[in-house]
Amino acid sequence: TALLVASDDRYYHMIRGMVLDSCYTSVRQVLLELANKYVGKVPLVPFASMVDKAVDLLREAVLHRAGFDLDAVNVIQAARHCSSPVLFGHADDDQLVLASHTKNLFAEYGGEKLINVFEGDHNSVRPDKVLAHVCTFLSAKLARADEEEKGGGEEEREGGRSSVE
């Protein structure tokens, strides 16, 4: 996710602001929530006791085929190390990725942060008011970055993060 890049010492200084819509805390959590939602409704998950094992099997399949461990992605930990300004957004009726994921990331985020929970679901067209807020947010962050560059501020490395004096 963008949070993994924003927390990486190689890239964080290039990011002036982020807009993150429908974030998840972990792939495993999303899979567990979705599977539990359909227990008894689809043949692949007839019993709740099978959900954890089914997610483990999926993790092993992805690891084997793609060399990627779903459990190795720690988005919450990354969020704690981010310093770029962020605008989180999430539809209140999102049934694919629950709004609690974004709320948890917002609570843990290490930098300047705003959150916008709006009407809709995961695939809804975002309301005009939300889009206007996104434009205002990004314009302000990019204008500030432009002013800092024109001001000739020098960057100084401190504790894995840069600061402009």
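Scroll up a little and you will see the structure.
What counts and how
- Residues numbered from 1 in each chain as written.
- Predicted model: local features only at pLDDT ≥ 70, side-chain atom pairs only at ≥ 80, totals over all residues.
- Heavy atoms only, no water.
- Pairing = 2+ DSSP bridges.
- Helix = DSSP H or I, 4+ residues; strand = E, 2+ residues; numbered from the N terminus.
- Axes fitted to C-alpha atoms, helices over the stretch in contact; angles between N-to-C directions.
- Contact = heavy atoms within 4.5 Å.
- Core = buried A, V, L, I, M, F, W, Y, C linked by side-chain atoms within 4.5 Å.
- Buried < 20%, exposed > 50% of the residue type's maximum accessible area, 1.4 Å probe, protein only.
- Arc of directions from axis to C-beta.

(A) Geometry of the sheet that holds strand 1 (residues 18-21). The three strands are arranged 1-2-3 in an open sheet whose pairing can be described as parallel. Where the open sheet ends on each side, the last strands, each with one partner, are strand 1 and strand 3 (113-118). Averaged over neighbouring strand pairs, the angle between their axes works out to 15 degrees when direction is ignored. Two elements, strand 2 (residues 86-91) and strand 3, share six bridges in a ladder whose sense is parallel. When the bridges of strand 3 are listed, leucine 87 appears paired with leucine 114. Packing against the sheet, helix 6 (residues 128-150) makes contact with strand 1, strand 2 and strand 3, and its axis sits at approximately 170 degrees to strand 3.

(B) Region of the structure containing the nonpolar core. Within the largest apolar cluster, 14 residues are counted, with the highest numbers of intra-cluster contacts made by Leu3, Met18, Leu20, Val86, Phe88, Leu105 and Tyr109. Elements represented by at least two residues in this core include exactly helix 1 (2-6), strand 1, helix 4 (75-80) and strand 2. For this core, the element with the most residues is helix 4, which contributes three residues. Each residue touching leucine 3, except ones within four places of it in the same chain, is listed here: Met18, Leu20, Val75, Ala78, Ala79, Cys82, Leu105 and Tyr109.

(C) Spatial organisation of helix 5 (residues 99-108). Along helix 5, the residues classified as buried are Ala99, His101, Thr102 and Leu105. Seen from one end, helix 5 has its buried residues packed into an arc of 155 degrees, which puts them on one side. Against helix 1, helix 2 (27-37), helix 4, strand 2 and strand 3 lie the buried residues of helix 5.

(D) Spotlight on unusual backbone geometry. Although it is not a glycine, serine 22 sits at a positive phi angle of roughly 60 degrees. Within the element layout of this structure, serine 22 appears in the loop between strand 1 and helix 2. Serine 22 sits in the buried class, given a relative accessible area of 9%.

Fair warning: the whole summary comes from geometry, so function is off the table for now.
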